[in-house]
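Inside the fold
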Amino acid sequence: MTRINTEEHTAQLSYKDQRHKTWSTTEDFEMRFQNVHVDNDRPVDILSCTTTMEVGIDIGSLTAVGLRNIPPRRENYQQRAGRAGRRSAAISTIVTYTDNRPHDSYYFHNPEKIISGVPRTPWIDVDNKKLTYRHLNIICATEFFDQLGTGADEENIYGFFQDNYDKFRDFISGKTEQDFDLETLIPMGVAFDIDEYKKDILGQMEKLKKSVEEFPEAYREEDGQEKSVLYAFLEKGIFPTYSFPKDVVGFYVEKERGAKIDQKPERALDIAVSEYAPGRLVVINKITYKSSGIYSFHSKFRPDGQEHPARPYFESKSREYFKDLYYCNDAACNWMGLEIQSKCPFCGKETIRSQNMLKPWGFAPINGIKTREAEAEAEMTYAEEPCYSITPRENEMGTVEGFVHLRYSKRADDPLIILNKGPKSAGFMVCKDCGAAVPGDDEALLRKIGKPYMRPSAYYNCHHPAGSVVNTYLGNQFRTDMVVYEITLDARRVNVSSDGFWIRRAGQTLAEAMTLAGGRLLDIEFNEIKSGYRLRYAEEDLKAYVDVFLFDSLSSGAGYCSALAERTRELMGETRKVLEHCSAGCDSACHECLMHYWNQRVHGLLDRFAALELLKWCESSELPPELAYDRQEELLEPLNAMGAEYKIVGDGVQHYVRMRNKTSRVVAYPAMWSENLLPDGVITLADKLLKYALPKADEIIRAKTK
């Protein structure tokens, strides 16, 4: 009997400190897999790798490939499937398992589109002025540092602002159009103005200079060394990032009593506020850790930071990490902003509240160590839907031919807020000294844990004094490119009540469907695009608006939403297909059509028929017709099973409620209808109410038959 040793080979284990480690964990596993042993470690028999990793192994003899799920794009599928039969094998086999999600379901029913489809043509948004300016920034910076005899990767950001910033300003100010080969550098269709360009780059430099001066801690590497100019420019979007995420945070696992980093998996911040949030379990190299702190490794090595590594982030003058958040307390309205308001800009109610918002700079496990099996129970929290608080001006809106109530606006570098409110919107309790954190608003739970890190020297334990504990949401405001679709609703005909059962389901579902449709239309992984929706109300109460906004998941922007804006009619047509066609024929939403891992928080709100009604209104002012007698019978019949004193009966034409000696007519109607369209003198029940909140329908009947 032989024991087989299996190890993981993913980016999660790729951290390497050049000063202390010869290889990263993944590189060590590679060597052991190839029978190159170090320190008498056991050999590795099986590597569980990412799909693109072959670690230098000859795979030409492969005759079969098994895929755990459908790859994101056809070129991914063809590349992975093509690994079989490379040496002219007579027969090669590819077996693909389709997962329970819309992406896999789509290609399961349309296999030819991924097996034999033509790979997509590479595309870039050449009309994007922001991207053009970023590449000009590289040209200017390279020329400037060449004159100094150095490079942006060699100069640290502190030294640059102290010694060379004035020279750089003079260098940029002296630039003329003749200094650039504009015919080569500027794509056709992009208007270039040298004065506008110089104002743009110098404005960004001033913001960066202020940020470095107010909070230099954010511009240090893990070993405490200053970040290079190159790294700082990439982080702040002055240089193009080439689709790599900018706001990335790590989960720190230390060893040797906190002297070194053992592992540091990283995630983009908008994902990390969910997956690394305090209370969540994180498995790294077969070991389970429970997140319980906001932390960065190098912060404890400052002379004044050994006992208070988190405090500089809370007290920074720049307010980069800890700031006030304002939000509408109406559960049906999702307005949020960083500027105080007297009343909600969307719903008009005087329900504005404030809360703290903390931008995490990193995460760490409870007490800085692994979790015991008895404590390995996750407390799940998720980031809310993204909030977008800017309303485009009239001159920024475009119309769409064939859609009566639809307008759109292409947006560049607009702000979005991603927020994790904690369990039941109770936030997180965080110690401002050590960064220890627990989900919820119970300060007593925080005192049951220690600091989220270890100290290599003297022992110290933070007791989280009352004056150092704060309740806060976790989140961040970031900027990206997007397109906003505005759908106008006539409140005299459409039920625009924010606490009703139709409008929230319709808006949320339409946003999710447009995301899936956008991915299919551009032939990209649908996660490259994210979406949200919001409700707005006109002051005269005669109109309401459902705004669906699609944005590039990369904070630097990838140009996908700009492309969708130019193909709005096609996007709406593909969205209709997503909503109309479900291979399982579900009556609301399922994993075959709309549900997937990334939108699991809103599964209970998804209803493809509500979204389809909104889409038809948007196109032609169409309202759903009166419900047929049989459909009303189907919706009303479950009320009879509730054991109530009344009985729902029908005569083949109409339905009635019989209670004691009283009989009243009852009508089920489309929830999209405004009350103005409802008949008088009868009990009216919305179809969505009967479907999703039967006890509420029971209450209404009882109240109206007394």
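As a starting point, this report considers the structure included with it.

1. Structural notes on the packing of aromatic side chains
Across all of its chains, the model carries 34 aromatic pairs by this definition. Their ring planes at 75 degrees and their centres at 5.2 Å tell us that Tyr-133 and Tyr-197 sit as a pair that is edge-to-face. One end of the pair, Tyr-133, is in helix 5 (residues 129–148); the other, Tyr-197, is in helix 8 (residues 194–214), with 64 residues separating them in the sequence. The exposure class assigned to Tyr-197 is buried, which follows from its relative accessible area of 0%. Taken together, a centroid distance of 6.4 Å and an interplanar angle of 75 degrees make the contact between Phe-180 and Phe-192 edge-to-face.

2. Quick notes on the sheet that holds strand 14 (residues 363–365)
With antiparallel pairing, 3 strands are arranged side by side in an open sheet as 9-10-14. Looking at the sheet topology across the chains shown, the edges are occupied by strand 9 (281–284) and strand 14. Averaged over all pairs of adjacent strands, the angle between their axes in this sheet comes to 50 degrees, without regard to strand direction. Pairing of strand 9 with strand 10 (residues 287–294) involves 4 bridges; the strand directions are antiparallel. Bridging across to strand 10, Leu-281 finds its partner in Lys-290.

3. Notes on the side chain of Glu-254
With respect to the helices and strands, Glu-254 occurs in strand 6 (residues 253–255). Take Glu-254: its relative accessible area is 8%, and that puts it in the buried class. A distance of 2.4 Å separates a polar atom in the side chain of Glu-254 from a polar atom in the side chain of Tyr-295. Among the polar contacts made by the side chain of Glu-254, one reaches the main-chain amide nitrogen of Met-454 at a distance of 3.3 Å. Those residues in contact with Glu-254 that lie beyond four places of it in its chain are Lys-260, Ile-261, Asp-262, Tyr-295, Phe-297, Lys-300, Tyr-453 and Met-454.

4. Observations concerning the environment of Gln-78
Mapping Gln-78 onto the fold places it in helix 2 (residues 74–81). With 37 residues separating them along the chain, Gln-78 and Ile-115 place their C-alpha atoms 6.7 Å apart. In contact with Gln-78, not counting residues within four places along its chain, are Ile-114, Ile-115, Ser-116, Gly-117 and Pro-119. Here the side chain of Gln-78 touches Ile-115 through a polar contact of 3.4 Å, landing on its backbone oxygen.

5. Description of the pattern of salt bridges
Opposite charge on two side chains allows them to pair when their charged atoms are near. In the structure shown here, the tally under the stated rule is 34 salt bridges. Measuring nitrogen to oxygen at the nearest pair gives 2.4 Å for the salt bridge that ties Asp-104 to Arg-101. The class for Asp-104 is buried, based on a relative accessible area of 0%. Between Glu-396 and Arg-411 there is a salt bridge whose closest N-O contact spans 2.8 Å. Of this pair, Glu-396 sits in the loop between strand 14 and strand 15 (398–399) while Arg-411 is found in strand 16 (residues 406–420), placing the two residues 15 residues apart along the sequence. A relative accessible area of 26% places Glu-396 in the partly exposed class. Looking at Arg-411, the relative accessible area reads 12%, which means it is buried. Ionic contacts of the salt-bridge type, sharing partners, join the residues Glu-394, Arg-407, Glu-486, Arg-534, Arg-536 and Asp-547 into one network.

6. Comments concerning helix 8
Taking 1.5 Å of rise per residue, 21 residues should cover 30 Å, and helix 8 covers 30 Å from first to last C-alpha, within 8% of that figure. Among all positions of helix 8, only Ile-194, Tyr-197, Lys-198, Ile-201, Leu-202, Met-205, Leu-208, Ser-211 and Val-212 are buried. Buried residues along helix 8 sit against helix 5, helix 6 (157–173) and helix 9 (229–235). The N-cap residue of helix 8 is Asp-193: its side-chain oxygen and the backbone nitrogen of Asp-195 are 3.1 Å apart.

7. A closer look at the environment of Val-118
Mapped onto the secondary structure, Val-118 falls in the loop between helix 4 (112–115) and helix 5. You can call Val-118 exposed: its relative accessible area is 66%. Along the backbone, Val-118 and Arg-74 are 44 residues apart, and their C-alpha atoms lie at a distance of 7.9 Å.

Procedures and definitions
- Going along each chain's sequence as written, the residues are numbered from 1 onward.
- This being a predicted model, a pLDDT of at least 70 is required before a residue's local features are given, and a value of 80 or more before pairs of side-chain atoms are given or counted; all residues contribute to the totals for chains, interfaces and linings.
- Remark: hydrogens and water are excluded; side-chain values derive from all non-hydrogen atoms of the structure.
- Each Phe, Tyr or Trp ring (for Trp, its six-membered ring) is paired with any other whose centre lies within 6.5 Å, and the angle between the two planes then decides the class: stacked below 30 degrees, edge-to-face above 60, tilted in between.
- A run of H or I in DSSP counts as a helix once it spans at least four residues, and a run of E counts as a strand once it spans at least two, with each numbered from the N terminus.
- Each residue's exposure class comes from its accessible area (1.4 Å probe, protein chains only) as a fraction of the maximum for that residue type: buried when under 20%, exposed when over 50%, partly exposed otherwise.
- Two strands pair if DSSP finds at least two bridges between them.
- Interaxial angles span 0 to 180 degrees and are taken between N-to-C directions of axes, which are lines fitted to C-alpha atoms, for helices over the stretch in contact.
- For this analysis, a polar contact is any N or O atom pair within 3.5 Å, provided that within protein one partner can donate a hydrogen and the other can accept it, and provided that sequence-adjacent residues contribute only side-chain to side-chain pairs.
- Throughout, a residue-residue contact means that at least one pair of heavy atoms, one from each residue, lies within 4.5 Å.
- A carboxyl oxygen of Asp or Glu within 4 Å of a side-chain nitrogen of Lys or Arg is what we treat as a salt bridge.
- In this analysis, the expected span of each helix is defined as 1.5 Å times one less than the number of residues it contains.

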